[in-house]
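Structure at a glance
For reference, the chains in residue letters:
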Amino acid sequence: ANFFLGAVGLSILSIMVGAMLFAAGCYDGSLSEEDRVFHDNLHPNYRPDSSTGDTPTFWDLVALFYPAMTGILAGTNRSSKLATPNRSIPKGTIGAIGVTTLLYLFQTWLLGSVVSNETLIHNKLVVAAIAFPSPVVAKLGVVTACVGAALQCMAGGPQLLGAIAADDAIPFLKFLTRKKRRRNDLIKTTNTKGVEVLGLDGIGLSRSLDKSLPLNVDFESEASEKVEAENSKRAVWFSWGIASLGTLLGNIDHITPILTMFYLIMYGGINFCCFLLAWVDSPGFRPQFKYFSKGIALLGFLWCIGLAFVISWQMASLALGLVYVIFKYIRLSSGNRLEGGGSSPGADWGEVIDSVKYKLTTAVLARVTGSENFHAKNWMPQILTVVDTDDGGYPLQSEVLALAAQLQKGRGLNVVISIKDGSFLGDGVFEKSQHCKTTLKKFMEKERLTGYAKVIFSEENYPETVWNAVMNSGLGPVSPNTVLMSWVTDWKKLLTQDEDDSAAAFSENDNKARTVDDYANTLKGLINMRRVVCILKGLSFPQSRDKMPRGSTIDIYWVVDDGGICLLMSYILSRSTVWRAGVKIRVFVVLTDADENPQVVEHAVVDFLQQMRIDAVVITVDLQNASLQDDFRADPWDKNCPSGVPTLTVCEKFGLKKGGDDDDLTVASSLASYTYGGLPSPCNGSKPFWHNSCMPCTLESTPPTFPTVNNMPFDNNHERDSMMRQHQKQQPRCLSLDTAKKFNNLIRRHSSPASLVVTHLPLLHKASESVDFMEYVETMMNHMNNVLLILGTGVEYLTTVA
């Protein structure tokens, strides 16, 4: 090293002394008096190249000269050989840049000031011709500098390649390592005093040891020095092969622009990584150089990339494309190794992209805090899917995962939870939950469902666990607003009577015992929590890799005004790749009153869908003799219904009722106020919150006495007739299986070939017992494979505002 430094220094000195003597006229060297022309190079004078005929530009010459400015990473590439790299690298790098810059500028100015332009262009060894006392000194320095630079590259490049291969960062380089090391492997090494100590093998040879860390000690293996030597030899031969290929171009002027591009991309990447790590305030990024600035790092990145595109945008694009290909290869290879379980712990070095994502996420969440109530045009389903799993985490209802995946066009959050009986106080429970979570994530990936998986062990009752999961999932506005559950198709088989004649328990393998009451109470609590509730019966629901054939239909049975949630969810589903090719949405408007005109209703709904920009076929169907609407909506006088449930039929939504029904609604509200005014709610009391205001008033209370029509004052006979109709309707109504059968017959008559039927979820508070609700829903969905029941929260989900 000292020989090379001395030879190069002596040659530089001889060139400068010779140039100054040449300028003073005291020494000519191999030049003549005609070659001494002052200020002949002050202005540009680009000429065509004699061999190619191309006239170079300023940026072409920058690309040609730029490799002479490289080598600043020489100290970093050999950091493992430095005693104090944190101090030596900054000083050496900055010092080398400063000295070489001054030398380049001074020598360029000196030669350009005294040597003619013609001589500089045609005499390739003008520096040797002007050297004092002999050209041999300069030539020796040129040869020494070239050999030294080559040796430096052959020393630093292979070591860098070997480190990349040893870290398993780029899998196809693994052939360079005879033995793959792990980051925390202990090795034997010798300190500066000759004492054998233990050190950590990882980035270079860090000789610090934290004995509290669980490290791997292997003294039986070969000495680390032998492994390093063997790896270095392979890397050197590989680097020699790459360098030899470049010489086949035959002209160094053809090689240097390519090298310039990769140098600029490398330096730009280093600056960009440093900027990102500083920007995200990563705790793992701890630069010890006190003058480090993230602004300068960003400026360096922009300067490198900008310079690359100014020199040649084609070559810069090609270089960036190659970098992207390598990046994607590393990402895919890393994912495959993790899935196969073959990646060693030392192969995961972390990604700055993860820190950037975290930074952006926290920044966005901080800005939307307090904005949980979105406008209808911004509302999107943030879905929490409840799925049962077995001991190994395999889903027992994969259809809900498929539906959640196909609803991802709503661009909302997806959380999948599985609830199991147990406590984290037990041994191995946490490990079991992680194993089940991993399995569940694999099934989510199989269904192309992106989101988060949670496996919850709890000894609380099932409804409480689900509610807690809904309340505690997500952050602020990015929290579940929709809960998706599967319908229990075999609940009748698993139903057994308890000693106290309550609904019996059913269980699924190792999952905690649940009852029909648990299932119904879970839904009641979710409704009271103002969450959209979706229940799927999917006996033949398509998986995410399927393609629905042309002619498939999604049939919506629209009975009551639910804010458009059934329409919106069906529209989002139709945009998925499974349904998009050939699906058609059909909207069946169910008429429940003889006063409703089918043509007028159809025209109003078609106009509404056009305003909503939803392409669908509208069909009106008649079901006037079943009072179906009363099972899906709350009457104005119903004090027991939860808030947010539908209150209007479709015709009432569009104001299409005839025969004084608008007056009936007003009279009904007055009658309800008159009847229940001052009376306590029959559902008040110290009960769990899912019972509050949602149990039928026929239970545990005496129904209030309705005033007789004859005792109430009326202004005219029309008001009396309206009041009598409402008085007849206001008697508490329970879910009727006869109504469910009629609705089921209607659906089967019109939608037997439908791929999916979407309609409303009946109101649970109208069922006197949970079993009644389960029987009603089962009857309504009888002999149908794919049915989605939805209950909204009383807000509008569709808007004409773009």
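One can find the structure itself at the top, above this paragraph.
Residues numbered from 1 in each chain as written. Predicted model: local features only at pLDDT ≥ 70, side-chain atom pairs only at ≥ 80, totals over all residues. Heavy atoms only, no water.

Within the fold, T482 resides in strand β8 (residues 482–486). In this structure T482 comes out as buried when scored by relative accessible area, which is 0%. Setting aside residues up to four positions removed in sequence, T482 forms contacts with W379, P381, Q382, I383, L384, V532, C534 and M569. (Helix = DSSP H or I, 4+ residues; strand = E, 2+ residues; numbered from the N terminus. Buried < 20%, exposed > 50% of the residue type's maximum accessible area, 1.4 Å probe, protein only. Contact = heavy atoms within 4.5 Å.)

With 60 residues, the main nonpolar core has M485, L526, I535, V590, F743 and F773 as its most contacted residues. The contact partners of F743, leaving out residues within four places of it in the chain, are Y557, V559, V590, L623, L628, F632, T759 and M780. If you look at the next biggest cluster of nonpolar residues, it comprises 55 residues, including W379, L407, L484 and L798. (Core = buried A, V, L, I, M, F, W, Y, C linked by side-chain atoms within 4.5 Å.)

Turning next to unusual backbone geometry. A cis amide bond links F132 to the next residue, P133, at an omega of 10°. One non-glycine residue, H783, adopts positive backbone phi at about 65°. Its place among the elements puts H783 in the loop between α23 (770–780) and β16 (786–791). The exposure class of H783 is exposed, given its relative accessible area of 59%.

Its boundaries defined by the atoms lining it, the second largest pocket holds a volume of some 1100 Å³. Lining the second largest pocket are 31 residues; nearest its centre among them are T361, L413, G451, Y452 and V478. Going through the elements one at a time, α12 (352–367), β6 (414–421) and β7 (452–458) are the ones with two or more residues in the lining of the second largest pocket. Counting residues per element, the lining of the second largest pocket draws most heavily on α12, which supplies 8 residues. Across the lining of the second largest pocket, the residue classes tally to 14 nonpolar, 12 polar and 5 charged. (1 Å grid on protein atoms, 1.4 Å probe; cavity = no way out; pocket = protein on both sides within 12 Å on 5 of 7 lines; lining within 4 Å. Points joined across faces, edges and corners; volume = space filled by probe spheres on them. Nonpolar A, V, L, I, M, F, W, Y, C, P; charged D, E, K, R; others polar.)

As a general point, the strands of a sheet are linked pairwise by backbone hydrogen bonds and lie either parallel or antiparallel. Sheet architecture is open: 10 strands sit in the order β7-β6-β5-β8-β11-β16-β15-β12-β13-β14, paired in mixed fashion. In this open sheet, the two strands that pair with only one neighbour each are β7 and β14 (617–622). Here the strands of the sheet are splayed against their neighbours by 20° on average, with no regard to which way each runs. Two elements, strand β13 (residues 584–591) and β14, share 6 bridges in a ladder whose sense is parallel. (Pairing = 2+ DSSP bridges. Axes fitted to C-alpha atoms, helices over the stretch in contact; angles between N-to-C directions.)

Next up on the list: the packing of helix α2 (residues 58–65) against helix α10 (residues 294–311). Geometrically, a packed helix pair is captured by the angle between its two axes and the distance between the axes. Taken N-terminus to C-terminus, the directions of α2 and α10 make an angle of 120°; their axes are 9 Å apart at the nearest point. By the angle class used here, α2 and α10 are oblique. Note on packing geometry: the crossing formed by α2 with α10 is left-handed. Counted together, W59, D60, V62 and A63 of α2 and L307, V310 and I311 of α10 form the full contact between these two elements. In terms of residue class, the contact of α2 with α10 is made up of 6 nonpolar, no polar and 1 charged. (Parallel < 35°, antiparallel > 145°, perpendicular 65-115°, else oblique. Left-handed = near helix turned anticlockwise from the far one by under 90°.)

A few words on the pairing of β13. Among the 8 residues that make up β13, 7 are buried, leaving the element largely enclosed by the rest of the structure. The parallel pair strand β12 (residues 553–558) and β13 is bridged by helix α17 (residues 565–574), and the resulting crossover is right-handed. Crossover β13 to β14 through helix α18 (residues 598–611) is right-handed. (Right-handed = clockwise from strand over helix to strand, strands pointing away.)

Let us look at the pattern of salt bridges. Tallied over the entire structure, the rule returns 9 salt bridges. A salt bridge links R36 to D28, with the nearest nitrogen and oxygen atoms 2.3 Å apart. Overall, the relative accessible area of 11% leaves R36 in the buried class. Of the residues examined, D28 reaches a relative accessible area of 28% and is grouped as partly exposed. Its salt-bridge partner being R633, residue D630 comes within 3.7 Å of it at the nearest N-O pair. The exposure class assigned to D630 is buried, which follows from its relative accessible area of 15%. (Salt bridge = Lys/Arg side-chain N within 4 Å of Asp/Glu carboxyl O.)

Moving on, we get to a positive patch on the surface. Taken together, the side chains of R411, K446, R448, R545, K547, R575 and R580 present a region of like positive charge at the surface. Tracing the backbone through its elements, the reader meets R411 in the loop between α13 (398–406) and β6. On the accessibility criterion, R411 (58% relative accessible area) is exposed. (Patch = residues over 30% accessible without salt bridge, like charges linked within 9 Å, V, L, I, M, F, W, Y side chains within 5 Å. Areas by Shrake-Rupley, 256 points an atom, 1.4 Å probe, with all protein chains shown as cover. Lys, Arg positive; Asp, Glu negative; His and termini not counted. Charge placed at Lys NZ, Arg CZ, Asp CG, Glu CD.)

The next subject is the packing of aromatic side chains. What the rule picks out here adds up to 22 aromatic pairs. Centroid distance W379 to Y797: 4.8 Å. Interplanar angle 75°. Geometry classified as edge-to-face. Of this pair, W379 sits in the loop between α12 and β5 (383–386) while Y797 sits in the segment after β16; the two residues are 418 residues apart in sequence, bridging distant segments of the chain. Taking the relative accessible area as the measure of exposure, Y797 reaches 3% and is therefore buried. When the centroid spacing of 5.9 Å and the interplanar angle of 70° are considered together, the rings of F632 and F743 count as edge-to-face. In this pair, F632 is assigned in the loop between β14 and α19 (650–653) and F743 in helix α22 (residues 737–751), connecting sequence segments 111 residues apart. The burial state of F632 is the same as that of F743; both residues are buried. One aromatic cluster in this structure is built from Y557, F588, F632 and F743. (Phe/Tyr/Trp six-rings, centres within 6.5 Å; stacked < 30°, edge-to-face > 60°.)

Along the polypeptide, S473 turns up in the loop between α15 (462–472) and β8. In terms of polar contacts, S473 uses its side chain to reach the side chain of K454, at 3.3 Å. Of note is the side chain of S473, whose polar atom sits 2.5 Å from the backbone oxygen of A469. Those residues within four positions of S473 in sequence are excluded, and the remaining contacts are L384, V415, K454, S479 and P480. (Polar contact = N/O pair within 3.5 Å; in protein donor to acceptor, adjacent residues only side chain to side chain.)

Attention shifts here to the environment of M266. Residue placement: M266 occurs in helix α9 (residues 252–279). Put simply, M266 and I305 are 39 residues apart on the chain and 9.8 Å apart in space, counted from C-alpha to C-alpha.

Let us now look at the state of the cysteines. Considering all chains together, one arrives at 0 disulfides under this definition. The thiol sulfur of C273 is not disulfide-bonded, and the nearest other cysteine sulfur, from C274, lies at 7.0 Å. The class of C273 is partly exposed, set by a relative accessible area of 37%. Unpaired in this structure, C566 has its nearest cysteine sulfur neighbour in C534, at a distance of 8.3 Å. Using a relative accessible area of 2% as the deciding quantity, one classes C566 as buried. (Disulfide = S-S within 2.5 Å.)

In short, geometric facts, not functional conclusions.
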